[in-house]
Amino acid sequence: MTELRTERLVLTDVAEDDAEFVLELLNDPGWIENIGDRGVRTVADARAYIAERFGKSLWLVVREAATVEPVGMCGLVKGREGLNYPDIGYAYLARHAGRGFATEAAAVVLRHARDVLGIERIAAVTGPDNVASQRVLEKIGLRFMHMINLPGYDEPSCYFLTD
């Protein structure tokens, strides 16, 4: 089990016990608008989604405060169709937006990818209207390269890459 830490956050493996949070996150309006509706409607659906999709790529982002509270997910997605490099991805519940959690978690994931995993090039994709995510990527050192058409998406995406 890999665990990453920042001053305010702990990034830890997603487990089946996190299914209620995952259900909420996957049905958050921001997830649906920026990532897409995955059809996860029950806790059982969320458990299956964790097993199929999250187990090896994304970490649960938990805020360490007076109470431990999951706020989102962040990690590397390897082998995404249409991309030549692993890409960094993240999503947070809307009520946690604007607190810097995405930047803080993405920065530690990028550092881990480079320093521990030895991955030199990291990509990222966002929707053209997702300005908040684009700012996060720029803050952690990725640069906009061009628009890209990814399989399974109707609209082109903004493609970012590390130097």
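Structure's up top.
Structural notes, computed from the coordinates.

### Some points on the nonpolar core
Grouped together as the largest cluster of nonpolar side chains are 28 residues, with contacts concentrated most on Leu-11, Val-61, Cys-74, Ile-88, Tyr-90, Tyr-92 and Val-109. Elements represented by at least two residues in this core include exactly strand S2 (9–13), strand S3 (58–63), strand S4 (69–77), strand S5 (87–92), helix H4 (101–115), helix H5 (131–139) and strand S8 (157–161). Among all residues touching Val-109, those that are not within four sequence positions of it are Leu-4, Leu-11, Trp-59, Cys-74, Gly-75, Leu-76 and Ile-88. Counting 19 residues, the second-largest nonpolar core is a separate cluster that includes Leu-25, Leu-26, Trp-31 and Leu-93.

### A word on the packing of helix H1 (residues 19–26) against helix H3 (residues 43–54)
Closest axis-to-axis distance for the H1/H3 pair is 8 Å, and the angle between their directions is 90°. As summarised for this structure, H1 and H3 are arranged roughly perpendicular, according to the angle between their axes. Here H1 contributes Ala-19, Glu-20, Val-22, Leu-23 and Leu-26 to the contact with H3, which in turn contributes Val-43, Ala-46, Arg-47, Tyr-49, Ile-50 and Phe-54. For the contact of H1 with H3, a count of residues per class yields nine nonpolar, no polar and two charged.

So, how was this worked out
- Residues numbered from 1 in each chain as written.
- Predicted model: local features only at pLDDT ≥ 70, side-chain atom pairs only at ≥ 80, totals over all residues.
- Heavy atoms only, no water.
- Core = buried A, V, L, I, M, F, W, Y, C linked by side-chain atoms within 4.5 Å.
- Buried < 20%, exposed > 50% of the residue type's maximum accessible area, 1.4 Å probe, protein only.
- Helix = DSSP H or I, 4+ residues; strand = E, 2+ residues; numbered from the N terminus.
- Contact = heavy atoms within 4.5 Å.
- Axes fitted to C-alpha atoms, helices over the stretch in contact; angles between N-to-C directions.
- Parallel < 35°, antiparallel > 145°, perpendicular 65-115°, else oblique.
- Nonpolar A, V, L, I, M, F, W, Y, C, P; charged D, E, K, R; others polar.

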